[in-house]
Amino acid sequence: MQPHLGFGVLGYDAAHLLGGAALVLSFALLYQRRVSAVINIFALQGWVLAAAAAWQGYVQSAPHLYLSALIALAAKGIVIPVALHRIVRRLDIHRSIETALGIFPSMILGVGLVALSIVVVLPTTLAAQALTREDLALALSVVLLGLLMMITRRNALTQVVGFMSLENGLILAAVGVAGMPLIVELSVAFLVMIAFIVFGVFFFRIRERFESLDVTRLDQLGEVPR
């Protein structure tokens, strides 16, 4: 479909604002040390992702993106955060988060990953529209920051939040590209829900075995008794 005729400067700026907000919230996830705050920021990122999908639906005159926005809002903005808060309460998870890398080095590395995304995406998408190119750069930045969060957090729950934030970047890229089939977005959403259920079982098994969600405890499995 053709982009909405009323797109203009306002539509361009609004799309960038929403993509930039998702990126800023990825940095906020890296910065936070409290489990409850991490979950709340992830929920807020879900709301921003839903708004970005709905806006792209308007800009691209693509009604199926409104369904994508509704799915993102329900799953990422409500259902998964509520489930994570219940897991935190049920497992009595410690409020502070241990990191494999300090907050300041993580933020510096995050800035470097954003720069890398810009350097990689913009020169390789010269044939695409300016908005699509810049949205893809923002989306790749969110993906890489989610991966960084998975690497630098020792708590299994926050690693899962990093994984789902990474997936938010994939959805942001999908909705920013005109003509992306709905089945692709629905498939990604379905796989994420299945993965979340598996991770939920994983949380309880780790807690039952090690009385902690610190993944460094898994090293005990490889220790040989003397």
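The coordinates are above.
## A closer look at the overall build of the protein chain
Scanning the protein chain from N- to C-terminus turns up seven helices and zero strands. A total of 226 residues make up the protein chain; the buried ones form 47% of that total. On the protein chain, roughly 11600 Å² of surface is accessible, and the fraction owed to carbon and sulfur atoms is 70%.

## Some remarks on the environment of Met149
Position of Met149 among the secondary structure elements: in helix 5 (residues 130-152). The spatial distance from the C-alpha of Met149 to the C-alpha of Leu166 is 9.1 Å, given a sequence separation of 17 residues.

## Focus on the packing of aromatic side chains
Taken as a whole and judged by the stated rule, the model has one aromatic pair. Geometrically, the ring pair formed by Trp55 and Tyr58 is tilted, given 5.3 Å between the ring centres and 40° between the ring planes. Taken as a pair, Trp55 and Tyr58 lie in helix 2 (residues 35-59) at a separation of three residues, close to a single helical turn.

## Some words on a nonpolar patch on the surface
Among the surface-exposed residues, Leu44, Trp47, Ile78, Val79 and Val82 lie close enough to one another that they form a single nonpolar patch of about 450 Å² accessible area. With three residues, helix 3 (residues 64-91) is the largest single contributor of residues to the nonpolar patch. Relative to the helices and strands, Val79 resides in helix 3.

## Quick notes on the environment of Gln45
Turning to its location among the elements, Gln45 is positioned in helix 2. The exposure class assigned to Gln45 is buried, which follows from its relative accessible area of 1%. Ignoring anything within four residues of it in the chain, the contact list for Gln45 reads Ala22, Leu25, Ser26, Leu29, Val142, Ser165 and Asn168.

## So, the packing of helix 2 against helix 6 (residues 156-176)
At a closest axis distance of 10 Å, the pairing of helix 2 and helix 6 adopts a crossing angle of 10°. Accordingly, the angle class assigned to the pair helix 2 and helix 6 is roughly parallel. Counting all contacts with helix 2, which are made through Val35, Val38, Ile39, Phe42, Gln45, Leu49, Ala52, Ala53 and Gln56, the residues of helix 6 involved are Leu157, Thr158, Val161, Met164, Ser165, Asn168, Ile171, Leu172, Val175 and Gly176. Among the residues making up the contact of helix 2 with helix 6, the classes are represented as 13 nonpolar, six polar and no charged.

## Quick notes on the nonpolar core
Within the largest apolar cluster, 43 residues are counted, with the highest numbers of intra-cluster contacts made by Leu23, Leu29, Leu84, Leu145, Leu157, Val161 and Leu172. For this core, the secondary-structure elements that each account for two or more residues are helix 1 (8-31), helix 2, helix 3, helix 4 (103-124), helix 5 and helix 6. At ten residues, helix 2 tops the list of elements feeding residues into this core. The contact partners of Leu145, leaving out residues within four places of it in the chain, are Leu23, Ser26, Phe27, Leu30, Gly110, Leu113 and Val114.

Calculation rules
Residues numbered from 1 in each chain as written. Predicted model: local features only at pLDDT ≥ 70, side-chain atom pairs only at ≥ 80, totals over all residues. Heavy atoms only, no water. Helix = DSSP H or I, 4+ residues; strand = E, 2+ residues; numbered from the N terminus. Buried < 20%, exposed > 50% of the residue type's maximum accessible area, 1.4 Å probe, protein only. Areas by Shrake-Rupley, 256 points an atom, 1.4 Å probe, with all protein chains shown as cover. Phe/Tyr/Trp six-rings, centres within 6.5 Å; stacked < 30°, edge-to-face > 60°. Patch = residues over 30% accessible without salt bridge, like charges linked within 9 Å, V, L, I, M, F, W, Y side chains within 5 Å. Salt bridge = Lys/Arg side-chain N within 4 Å of Asp/Glu carboxyl O. Contact = heavy atoms within 4.5 Å. Axes fitted to C-alpha atoms, helices over the stretch in contact; angles between N-to-C directions. Parallel < 35°, antiparallel > 145°, perpendicular 65-115°, else oblique. Nonpolar A, V, L, I, M, F, W, Y, C, P; charged D, E, K, R; others polar. Core = buried A, V, L, I, M, F, W, Y, C linked by side-chain atoms within 4.5 Å.

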